Amino acid sequence: MSFPSSRRAWRAALLVPLGIVAACDIPSEAPILQQTWVVPSDSVSVGVSEILPAGIALNGAGTAFQVTTPSPNASTTLATLCGQPACQSGATVTAPVPAFTSPAGALQASITLPATVSSVTVTGGQLSLAVTNNLGFDPLRPNAAGAPYGQLSVTISANGGALSATTTFSGGTRALPTGQLSTLTVPMPTGTYNGAITVSVALDVPAGDAAPLSGSNGFSVAASLVGLTVSQATVAVNNETIDTTPSDFDLSGVDFADQVESGGLQLTVLNPFTATAALTMTITAPAQGGQGPVSIVKPVNVPAAPATQLTVALTQAELRQILGKSGVSIAVAGTATGTGAGNSVAVTPTQRLTVRTSVRVVLNVGA
């Protein structure tokens, strides 16, 4: 939550008279005039970070979302990857590596979005694969002499395959030594992801030199998303807490508290979210002028509408407690709830709910 500083100083010169009503009970008495004034004040804003559920947050620059995802591990064996007889032995045998292509789905991991996030629009980031090779040979370089080289393909897909991209690594440019952990980095395809992200790894291995082969020899990958940037997300907002620090309002220049008859706060609410908000506005002021500290609490219900005009009534006593005072502040707290299916809300990093505040007062003049 942040509070832009605009019109910090209130000045009586900013008052705008809206109307005058004369009231005269006895013609011989001095007339009592009632004047309505509107005093412009500051604005309060609620950033998107205030309503985000667990699992998603703004990045440090506030320009994109970061999503927390698990790092699943997928493992398999040589017997599953390679259907050749030399790969099926229950014991370790030294034999030439046979040519093979791993079957579809033999090595696959699923990265799930947080339960509170139904979709994300990815604009950048990488998939990191930590590959542990215990096959007994390097599947990309099974020949000590070099070529022919093997290939490892990484396919990232989502939305039932509607979004898919494949990156291939060749033994001509890198190795996967046996008995070692290697890291492969793959750029994330941009686009909108709904639900889980599927990572599939496939091997295409040429015939190679003799190596210790056993059907139980293992091969595994751990997948994680690194530096993922999200420009838009659909999230579940269900009674998410809004809690702000106070924003200062200087009312010391509005020094006619003893003439106030009635009034209140006039609010213009700009709400870019498809969410309602049940808020509480707390107006405070320190002790001064022989009066004790002030704390006035008022409820404000914000509808899921782009622009709304709201009025918060203040009693005569409440208005007289804050007008002419310095150090007046307003804090906003409460909860927000989405109005889409499953309390969903589509959000972008720069969205803010803004409350523009002014004070409307009716004055008795000429008594």
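The model shown is predicted, which means the values in this text are computed figures rather than measured ones. (Residues numbered from 1 in each chain as written. Predicted model: local features only at pLDDT ≥ 70, side-chain atom pairs only at ≥ 80, totals over all residues. Heavy atoms only, no water.)

Colleague: I'd like a rundown of the overall build of the protein chain, residues and numbers included.
Modeller: A count of helical and extended segments in the protein chain gives 2 helices and 25 strands. Here the protein chain has a C-alpha radius of gyration of 33 Å; the compact-globule value for 367 residues is 21 Å, and the former is much larger. Along the three orthogonal principal directions, the C-alpha set of the protein chain runs to about 120 × 35 × 30 Å. Pairs at least 24 apart in sequence give 82% of the contacts found in the protein chain among residues at least 6 apart. Entry remark: accessible area of the protein chain is about 16100 Å², with carbon and sulfur atoms responsible for 53%. Across the protein chain, the mean location of the 11 positive side-chain charges is 5 Å away from that of the 15 negative side-chain charges. (Helix = DSSP H or I, 4+ residues; strand = E, 2+ residues; numbered from the N terminus. Rg over C-alpha atoms; globule rule 2.2 N^0.38 Å. Contact = heavy atoms within 4.5 Å. Areas by Shrake-Rupley, 256 points an atom, 1.4 Å probe, with all protein chains shown as cover. Lys, Arg positive; Asp, Glu negative; His and termini not counted. Charge placed at Lys NZ, Arg CZ, Asp CG, Glu CD.)

Colleague: An account of the pairing of strand β21 (residues 294–302) is requested, with residue identities and associated values reported.
Modeller: Side-chain alternation along β21 places Val294, Ile296, Lys298, Val300 and Val302 on a buried face and Ser295, Val297, Pro299 and Asn301 on a face that remains uncovered. Looking at chain direction, strand β20 (residues 275–285) and β21 are connected through 9 bridges and run antiparallel. In the strand pairing of β21, Thr282 is matched with Val297. (Buried < 20%, exposed > 50% of the residue type's maximum accessible area, 1.4 Å probe, protein only. Pairing = 2+ DSSP bridges.)

Colleague: Lay out unusual backbone geometry in plain terms, naming residues and giving numbers.
Modeller: The amide bond that connects Ala147 to the next residue, Pro148, takes the cis arrangement and shows omega of 5°. As for its position among the elements, Pro148 is in the loop between β9 (117–134) and β10 (151–158). If you check the backbone angles, Asn159 has positive phi at about 55° while not being a glycine. In this fold, Asn159 is placed in the loop between β10 and β11 (163–170). Given a relative accessible area of 30%, Asn159 falls into the partly exposed group. For Asn343, which is not glycine, the phi torsion reads 60° and is therefore positive.

Colleague: Mind laying out the pattern of salt bridges, listing which residues take part and the relevant values?
Modeller: With the rule as written, the count across this model stands at 1 salt bridge. Between Glu318 and Lys298 there is a salt bridge whose closest N-O contact spans 3.2 Å. Placement of Glu318 in helix α2 (residues 316–322) and of Lys298 in strand β21 is noted, with a sequence separation of 20 residues between them. Look at Glu318 and you get buried, because its relative accessible area is 16%. For Lys298, a relative accessible area of 14% translates into the label buried. (Salt bridge = Lys/Arg side-chain N within 4 Å of Asp/Glu carboxyl O.)

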